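Chain residues, written in single-letter form:
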Amino acid sequence: MNCPIPSIPLREVLRYALGANPPDPVPEELLSRAKQAIQLLEQNCSPRAHFAVYPTAPLLDDLLTGKDIRRHLDGCARCVLLCATLGPEPDALIRRAQVRDVAGALWLDAAASAAIEEVCDEVQRQIAESLDCTLTGRFSCGYGDLPLSIQPRFLQLLDAGRKIGLFATPSGMLTPIKSVTAVIGILPAGATPPKARAACAICPLSKTCPLRRKGVFCGIHSY
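Nothing here was measured: the structure is a model prediction, and the numbers come from that model.

Caption draft 1: Examining the sheet that holds strand β3 (residues 135–139) more closely. Spatial strand order, β1-β2-β6-β3: four strands in an open sheet with antiparallel pairing. Looking at the sheet topology across the chains shown, the edges are occupied by β1 (48–55) and β3. With direction set aside, neighbouring strand axes in the sheet form an average angle of 20°. As defined by bridge partners, β3 adjoins strand β6 (residues 179–186) across three bridges and the pair is classed as antiparallel. Bridged to Arg138 within β6 is Ile184. Along the sheet face, helix α6 (residues 102–131) touches β1, β2 (78–85), β3 and β6 and points at about 150° away from the line of β3. Packing against the sheet, helix α7 (residues 151–158) makes contact with β1, β2 and β6, and its axis sits at approximately 100° to β2.

Caption draft 2: Focus on helix α2 (residues 28–42). Under the 1.5 Å per step criterion, the end-to-end length of α2 is 21 Å for 15 residues, consistent within 8% with the ideal 21 Å. All of the buried residues in α2 are Leu31, Ala34, Ala37, Ile38 and Leu41. The buried residues of α2 occupy an angular sector of 130° when the element is viewed end-on, so they sit on one face. Exposed residues on α2 whose side chains face more than 90 degrees from its buried face are Glu28 and Glu29.

Caption draft 3: Spatial organisation of the confidence of the model for the protein chain. This prediction gives the protein chain a mean pLDDT of 88; 86% of its residues lie at or above 70. Taking the mean pLDDT of every element in the protein chain, the minimum, 45, falls on helix α9 (residues 210–213) and the maximum, 98, on β2. Confidence drops under pLDDT 50 across residues 210–217; counting only partners more than four residues distant or on other chains, this segment forms 16 contacts.

Caption draft 4: Quick peek at the side chain of Thr85. Of note, Thr85 is situated in strand β2. Residue classification places Thr85 among the buried residues on the basis of a relative accessible area of 1%. In terms of polar contacts, Thr85 uses its side chain to reach the side chain of Ser179, at 2.7 Å. Contacts of Thr85, omitting those with residues within four sequence positions, involve Ser46, Pro47, Arg48, Ile116, Ile164, Pro176, Lys178 and Ser179.

Caption draft 5: Focus on the pattern of salt bridges. Within the structure shown, the criterion is met by 13 salt bridges. A salt bridge links Glu122 to Arg125; its shortest N-O distance comes to 2.7 Å. Here Glu122 and its partner Arg125 are both found in helix α6, three residues apart, which amounts to about one turn of the helix. The partly exposed category is assigned to Arg125, whose relative accessible area is 43%. Here the salt bridges share partners, and the residues they tie into one network are Lys67, Asp68, Arg71 and Asp145.

Calculation criteria
- Residues numbered from 1 in each chain as written.
- Predicted model: local features only at pLDDT ≥ 70, side-chain atom pairs only at ≥ 80, totals over all residues.
- Heavy atoms only, no water.
- Pairing = 2+ DSSP bridges.
- Helix = DSSP H or I, 4+ residues; strand = E, 2+ residues; numbered from the N terminus.
- Axes fitted to C-alpha atoms, helices over the stretch in contact; angles between N-to-C directions.
- Contact = heavy atoms within 4.5 Å.
- Expected span 1.5 Å × (residues − 1).
- Buried < 20%, exposed > 50% of the residue type's maximum accessible area, 1.4 Å probe, protein only.
- Arc of directions from axis to C-beta.
- pLDDT = per-residue confidence, 0-100.
- Polar contact = N/O pair within 3.5 Å; in protein donor to acceptor, adjacent residues only side chain to side chain.
- Salt bridge = Lys/Arg side-chain N within 4 Å of Asp/Glu carboxyl O.

In structure tokens, the structure reads:
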């Protein structure tokens, strides 16, 4: 599916760029850099997404390994496999900026990170509406003990290369880089979404995470 250009939240761009919650008030120079990055990125991205619904049990037995994803999908007979990308333009834009303006590249990277999350939020809303169901939050490959190395097979199941131009290296890195894969549980009728858990508790980087030391959160939620 083609997606609308996201409305990129200024505060999220500041948080990604600074690696900390932005000061209050935000200095005008930082606001200016963030707004410039948002404007440039909005002119240079082509968001696309694709999803498919699968029975949960076979995937847990074959592809989705680990106790964390089992906990995430507990009670869900079906699940959604989702992939989304901003397209190749943001990657090229960031690479060019890295040559002439390293700080500018940082701001563009932050804006792109915020943008892909907005795309995923909107796509998930559309999925819930189209399936007329309640969904869990997203759980991405490489999070908790779900291996990043499953991404090539994950994308193959979705035919993501043909559908949205999204591929993965053998090690599991996505290309274009500003892309996301995720598993979303479809909750039984009448169920309410579980409350978000402390995601840091299952993150393999929790003991060394520089963001956590600064008292901020990467933005990933576990359910």
